[in-house]
Each structure stands twice: as structure tokens, then as C-alpha cells.
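Residue-level structure breakdown
Each chain, written out:
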Amino acid sequence: MKETQEIDSQLALVKAIKSNDSRALKSLYTANYYKVEQMVMKNSGSKDHAKDIYQEAFIAVWKNVKNDSFVPQNETALQGYLYQIAKNKWLDLINSSRFKKTTLIENEHTLYQKNADQNEAEEQDFFSQKLEKTMTLFKMMGQPCKQLLTAFYFDKKSLRVIAKELQIEETTARNNKYRCMEKLRKMVLSPKS
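These numbers were taken from a predicted model, which means no experiment stands behind them.

Analysis parameters
Residues numbered from 1 in each chain as written. Predicted model: local features only at pLDDT ≥ 70, side-chain atom pairs only at ≥ 80, totals over all residues. Heavy atoms only, no water. pLDDT = per-residue confidence, 0-100. Helix = DSSP H or I, 4+ residues; strand = E, 2+ residues; numbered from the N terminus. Contact = heavy atoms within 4.5 Å. Expected span 1.5 Å × (residues − 1). Buried < 20%, exposed > 50% of the residue type's maximum accessible area, 1.4 Å probe, protein only. Arc of directions from axis to C-beta. Salt bridge = Lys/Arg side-chain N within 4 Å of Asp/Glu carboxyl O.

Describing the confidence of the model for the protein
- Per-residue confidence for the protein averages 81 on the pLDDT scale, and 85% of its residues sit at or above 70.
- Per-element confidence in the protein is highest for helix H7 (residues 159–166), whose mean pLDDT is 90, and lowest for helix H1 (residues 2–18), whose mean pLDDT is 68.
- Contacts for the low-pLDDT stretch residues 1–7, under 50 throughout, to residues beyond four places or in other chains number 4 contacts.

Brief notes about helix H6 (residues 143–154)
- Across its 12 residues, H6 extends 15 Å between first and last C-alpha, which sits within 8% of the 16 Å expected from 1.5 Å per residue.
- If you check which residues of H6 are buried, you get Cys145, Leu148, Leu149 and Ala151. Axial view of H6: buried residues confined to an arc of 160°, hence all on one face.
- Lys156 lies just past H6 and shows a positive phi near 60°.

Topic: the pattern of salt bridges
- Under the counting rule described, the total for this entry stands at 6 salt bridges.
- Residues participating in the shared-partner salt-bridge network are Arg160, Glu170 and Arg174.

Remarks on unusual backbone geometry
- A positive phi angle is found at Asp68, which is not glycine, with a value near 60°.
- Turning to its location among the elements, Asp68 is positioned in the loop between helix H3 (47–66) and helix H4 (77–95).
- Even without being glycine, Lys156 reaches a positive phi, approximately 60°.
- Position of Lys156 relative to the elements: it lies in the loop between H6 and H7.

In C-alpha cells, the structure reads:
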């Protein structure tokens, strides 16, 4: 008696699908989606792949029920049928050259992105160390160089303004700035420091 009731519930579900009962369709859709998602993700797929495959399978089941191509034979026939169509669609997709090419491109992109992120982090670390070293060496320079370079690079003053403040010629300020920068460069590039 129980088996007859379960088949009756499957027939009721088929009837609801044929009449486009939105509650029945939504219930069938949500009750079976996660099984398909798990199957896809365990077999090299993503959640986006699972959504696409499931939607195609669901529409195929809906059409087959509407045109009487499918009649349930047991209490889980409709759910099993939906899962099997999704599985077959997934197998077709992963065996297709399009999927293999897309997966290869996605893997290369992921690898490239990881390398780019790693390179960026290494580069940032390198520049941070270089800046720290430069600032340490800058502090060790004589007061005239520190004063001139601070005014020019940090305070953004022109050489003309700096020359007036230091009471020297503008050309002297330019030459001194050049000499101080060269001195700092040599200190930074020196393997001893």
C-alpha cells in the first residue's frame, strides 16, 4: 500500500509539473540541486558549472514530463531521472574539448595570478627593504645634505627657494643636491651598508 501511495505522490508531482505549479517546481528544484552540485564539484567543476548543468537538466526533465516522455515507475523516479540527466550533461561537458580548453585556460590564469601576486609581494617587500635602508643611510648623512634633500624631496620646495633659505646661489644648491644624491646612491648600492 505504501509503494502505491509513493507512486501516487510521484504522479501528483508529475501532474503539478504539467500544470506549471510554481510551488511544486520550486520544491523539486531546491530538493535536488545540492546532490547535483556535489557531484559536479567532486568532478572538477565549480558552483557556476553546477548551476548551469542543473538548470539545463531541470528544463529537460520539465519538457519530458510535459510531453509525457517520462512516467515515474517508483517513489524516487523523478528525482533519479533529474540527477541522471544532470550527470549525463556534466559528463558530456567535461569530455568536450571546449571544457578542457576552458579548464586549461582557467588553470593557467590561476597560476599566472598566483605568480603575479607572489611577484608583487616580493617586489613590495624588496622596495620596502630598499626604502628602509635608504632612510637609515639618509639619517647618517651630514646635516647640510639632509637639510637640502629634505627641503627638496619632502617639503617640495624649489631650488630657488632652498638657495634663498640657505643663502647660496641656485646653481650651488643644484650642484649640492646632485652631489648629496650621488653620495646617498653610492651608500645604498654599497654591499657594505
